[in-house]
Amino acid sequence: MKKINFLLLLTVLMLAGGLRFFKLNNSPRSLNWDETSLGYNAYSLLKTGKDEYGKVMPVSLRSFDDFKPAGYAYFAVPVIWIGGLSSLTTRLPSATMGLLLVVCVFVIASQLTKSTLVGVLAAAVIAFEPWSLHFSRIAFEANLGTVILYAGLANLFRSSRNPSRYKWGVIMLALSVYAYHAERIIAVPLLLIYTWLSWSSLREEVRRIWKWLIVCVGILWLPLFLSLLGDQVTARLTSTNIFKLWPFVPKEFNQWIYLPIYGLLWQLGGHFLAYFSPANLFVRGTIEPAQYVPFLGLFHYIELPFWMAGLWTLTKSNELKKWLVPILIMAPLPGVMTWNWFSVVRTLPLYPAFAVIVSVGAWVIFKHLPRIGKVGLFIPVTIIYLATVVFLANDELLYSPVVTYGEYQPGFENSVPFLNSISDKYSKVVIDSPHIAGYIFFLFYGKYDPRLYQSQAAHREKNSGVETYSFGKYEFRQIDWLKDRDSKNVLFMGPTPRLPDYEFGHSANTRIVRDFYDMFGYIDFRFVETD
């Protein structure tokens, strides 16, 4: 690598790291319940070797009965061991993986184009994409899965010239299935496809190590296969797959093709094409809570012509076609198979490939321009791109935490430690909660002893929905103040609609203990006690 390219890559990595680690603990403003669940289960694994339900070294985390892949929790264990359980240590693995993804894309782009300069360009593209920055700043299992997958792909791509890399590609793809659901669908097909594409150069290496690979992958996948005996691995697919809506016939169909199978094919085709829609990629993005950057799509507007040029180049280059088309076809499938029409989190492996395509398109355009054209295009494009990066940094780090404040279940970080400091005075603590999931914040921010909670949660039949739930002296349900105000020696925690001002001041046995306010000056939680 030329010195100038190395310095450019180092600069990109430093800027990417700064954007991913700056104010990581409070931008987004607070952890959402999925992040909190991953963090507490990592804490439980650290302290006991078991998840919150007492399952030893689980493959999947039961959590809210959605059975999250446990890979992220295991990655967070050493971070929490060093830094303690907190918002920062819970998100730090994702931020680190986001930075490593920049390196993986650099390696892949350099390999495919045989140009480290294009590799640096691809690294810069993915380092400052809205989707890449956003998913790196939240504890997303999908981000971890994408990085492990692309680390494997980088080794597979390089194995066509250096067969010794093949075994590391296989191992990384085998490990990726423990990180997120999408990799469980696409990792094996991609491994088989890329092995077949490079078979002429890999034949001798595969014949030499195939027994070792089978044993190694078999050991790695044994826990996953054993978990198939239960419903852990398939639980999420069962609840989100598109076949839950089938048979369904859209109103656009005429009576002469009124068959459910046509409706299903229509939906599957529409879902697949949605992931190649410029409007979705460059303008709308997603509307899923906690998965979007305000005012921005997944990619920057200015990258659209480069993306289109890159797709055109893809059709002309056999090398690019050979390596990129399989991932372009396979990566959308986990999203296509669900009822969501456009699910970014389930198709995250698609977008690094698009970043490579954008960089290739930009390089092709500049390469074919005359010298004066290069200068005339490079200067304004660079200025506009730098301006979009500055806008992204302001949007993601400063503006988004305000706009999306309510999507991250705020208020628990300060109120739960206060509750724990006074809860010994009361016989019971009632927390107003519209559904069960709120309990996880009290485990996380209260650093509740995992051993104690495991003994209390081991026999729970359900961990989702709106049912009343209790552990220790904590009871989670909706507060009915007309009935609850006659309780004796109870502490209540809830919003002001459940504990309104007019109920207090005229009763001697009820009083407001403390109010906690949000960043806008409104009451997040009110604490009320009864004698």
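Attention in this report is confined to the structure presented alongside it.

**Things to note about empty space enclosed by the protein**
Line of reasoning, step 1. For the structure on display, the rule yields 3 cavities of 30 Å³ or more.
Line of reasoning, step 2. Taken as a whole, the largest cavity encloses approximately 60 Å³ of empty space.
Line of reasoning, step 3. Surrounding the largest cavity, Pro130, Trp131, His134, Phe135, Gly285, Thr286, Gln291, Tyr292, Val293, Leu296, Gly297 and Leu298 form its lining.
Line of reasoning, step 4. Its residues assigned to classes, the lining of the largest cavity comprises 7 nonpolar, 5 polar and no charged.

**Quick look at the pairing of strand β7 (residues 510–517)**
Line of reasoning, step 1. As judged from the 7 bridges shared by β7 and strand β8 (residues 523–530), these two strands associate in the antiparallel manner. The partner of arginine 514 across the bridge, within β8, is phenylalanine 527.

**What to know about the sheet that holds strand β5 (residues 474–477)**
Strand pairing in a sheet relies on backbone hydrogen bonds, with the paired strands running either antiparallel or parallel.
Line of reasoning, step 1. Strand order across the open sheet formed by 6 strands is β4-β5-β3-β6-β8-β7, with mixed pairing between neighbours. The outermost strands of the open sheet, each flanked by one partner alone, are β4 (469–471) and β7. Ignoring strand direction, the axes of neighbouring strands in this sheet form an average angle of 15°.
Line of reasoning, step 2. Where helix α19 (residues 412–422) meets the sheet, it contacts β3 (428–432), β5, β6 (490–494), β7 and β8, and its direction lies at approximately 145° from that of β7.

**With respect to the packing of helix α14 (residues 304–316) against helix α17 (residues 350–367)**
Line of reasoning, step 1. Put simply, α14 and α17 touch, their axes get as near as 7 Å, and they point 90° apart. Looking at the two axes, α14 sits roughly perpendicular to α17. Each of Pro305, Phe306, Trp307, Ala309, Gly310, Leu311, Thr313 and Leu314 in α14 lies in contact with α17, whose residues at this interface are Phe354, Ile357, Val358, Val360, Gly361, Ala362, Val364, Ile365 and Phe366.
Line of reasoning, step 2. Its residues assigned to classes, the contact of α14 with α17 comprises 14 nonpolar, 3 polar and no charged.

**A word on helix α15 (residues 318–330)**
Line of reasoning, step 1. Here α15 spans 18 Å end to end across 13 residues, near enough to the 18 Å set by a 1.5 Å rise per residue.
Line of reasoning, step 2. Taken as a whole, α15 carries its principal kink of about 35° at leucine 324; the proline proline 326 stands between one and four residues after it.
Line of reasoning, step 3. Leu320, Trp323, Leu324, Pro326, Ile327, Leu328 and Met330 are the residues of α15 that are buried.

**Digging into the packing of aromatic side chains**
Line of reasoning, step 1. This structure, assessed with the given rule, holds 41 aromatic pairs.
Line of reasoning, step 2. Plain terms: the ring middles of tryptophan 307 and phenylalanine 354 are 5.6 Å apart, the flat faces sit at 90° to each other, and that makes the pair edge-to-face. With tryptophan 307 in helix α14 and phenylalanine 354 in helix α17, the pair connects residues that are 47 residues apart, well separated along the chain.
Line of reasoning, step 3. Ring centres of phenylalanine 516 and phenylalanine 527 lie 5.7 Å apart, and the angle between their planes is 70°; on these two criteria the pair is classed as edge-to-face. In this pair, phenylalanine 516 is assigned in strand β7 and phenylalanine 527 in strand β8, connecting sequence segments 11 residues apart. Each member of the pair, phenylalanine 516 together with phenylalanine 527, is buried.
Line of reasoning, step 4. Of note, arginine 62 hangs over the ring of tyrosine 53, and the distance from its end group to the ring centre comes to 4.4 Å.
Line of reasoning, step 5. Cation over ring: arginine 514 sits above phenylalanine 418, and NZ or CZ is 4.9 Å from the ring centre.

**Points about the side chain of asparagine 280**
Line of reasoning, step 1. Structurally, asparagine 280 is set in helix α13 (residues 278–284).
Line of reasoning, step 2. Among the polar contacts listed, one links the side chain of asparagine 280 to the side chain of arginine 284, at a separation of 2.8 Å.
Line of reasoning, step 3. Residue contacts for asparagine 280: discarding those within four places in its chain leaves Ala274, Gly285, Leu298, Trp341 and Phe342.

**Concerning the pattern of salt bridges**
If charged atoms from side chains of opposite charge come close, those side chains can pair.
Line of reasoning, step 1. Counted by the stated rule, this structure contains 14 salt bridges.
Line of reasoning, step 2. The partner of arginine 208 in a salt bridge is glutamate 205, and the shortest N-O contact between them spans 3.0 Å. Here glutamate 205 and arginine 208 lie together in helix α10 (residues 199–227), a separation of 3 residues that amounts to about one turn.
Line of reasoning, step 3. Glutamate 205 sits in the buried class, given a relative accessible area of 9%.
Line of reasoning, step 4. For arginine 498, the salt bridge is made with aspartate 432, and the minimal N-O distance between the two is 3.4 Å. Remark: aspartate 432 occurs in strand β3 and arginine 498 occurs in the loop between β6 and β7; sequence separation between them is 66 residues.
Line of reasoning, step 5. Look at arginine 498 and you get partly exposed, because its relative accessible area is 29%.

**Quick notes on a nonpolar patch on the surface**
Line of reasoning, step 1. On the surface, Phe295, Phe391, Tyr399, Val402, Val403, Met519, Phe520 and Tyr522 cluster together into a nonpolar patch covering about 770 Å² of accessible area.
Line of reasoning, step 2. Structurally, valine 403 is set in helix α18 (residues 371–403).

**Let's talk about the environment of glutamine 111**
Line of reasoning, step 1. Tracing the sequence through the fold places glutamine 111 in helix α4 (residues 87–113).
Line of reasoning, step 2. Residue classification places glutamine 111 among the buried positions, given a relative accessible area of 17%.
Line of reasoning, step 3. Considered as a pair, glutamine 111 and arginine 158 are 47 residues apart in the sequence and their alpha carbons are 6.8 Å apart.
Line of reasoning, step 4. In contact with glutamine 111, other than residues within four places in its own chain, are Phe157, Arg158, Ser160 and Arg161.

**Quick word on the packing of α15 against α17**
Packed helices, taken two at a time, are described by the angle between their axes plus the distance between the axes.
Line of reasoning, step 1. It is at 9 Å that the axes of α15 and α17 come closest, and there the two elements cross at 145°. Our pair here, α15 against α17, has a crossing hand that is left-handed. Residue-level inspection shows Leu320, Leu324, Ile327 and Leu328 of α15 in contact with α17, the latter providing Leu350, Ala353, Phe354, Val356, Ile357 and Val360.
Line of reasoning, step 2. Of the residues assigned to the contact of α15 with α17, the class counts are 10 nonpolar, no polar and no charged.

Here is what the cut-offs are and how they apply
- Residues numbered from 1 in each chain as written.
- Predicted model: local features only at pLDDT ≥ 70, side-chain atom pairs only at ≥ 80, totals over all residues.
- Heavy atoms only, no water.
- 1 Å grid on protein atoms, 1.4 Å probe; cavity = no way out; pocket = protein on both sides within 12 Å on 5 of 7 lines; lining within 4 Å.
- Points joined across faces, edges and corners; volume = space filled by probe spheres on them.
- Nonpolar A, V, L, I, M, F, W, Y, C, P; charged D, E, K, R; others polar.
- Pairing = 2+ DSSP bridges.
- Helix = DSSP H or I, 4+ residues; strand = E, 2+ residues; numbered from the N terminus.
- Axes fitted to C-alpha atoms, helices over the stretch in contact; angles between N-to-C directions.
- Contact = heavy atoms within 4.5 Å.
- Parallel < 35°, antiparallel > 145°, perpendicular 65-115°, else oblique.
- Expected span 1.5 Å × (residues − 1).
- Bend = angle between axes of the 7 residues up to and from the residue.
- Buried < 20%, exposed > 50% of the residue type's maximum accessible area, 1.4 Å probe, protein only.
- Phe/Tyr/Trp six-rings, centres within 6.5 Å; stacked < 30°, edge-to-face > 60°.
- Lys NZ or Arg CZ within 6 Å of the ring centre and 35° of its normal.
- Polar contact = N/O pair within 3.5 Å; in protein donor to acceptor, adjacent residues only side chain to side chain.
- Salt bridge = Lys/Arg side-chain N within 4 Å of Asp/Glu carboxyl O.
- Patch = residues over 30% accessible without salt bridge, like charges linked within 9 Å, V, L, I, M, F, W, Y side chains within 5 Å.
- Areas by Shrake-Rupley, 256 points an atom, 1.4 Å probe, with all protein chains shown as cover.
- Left-handed = near helix turned anticlockwise from the far one by under 90°.

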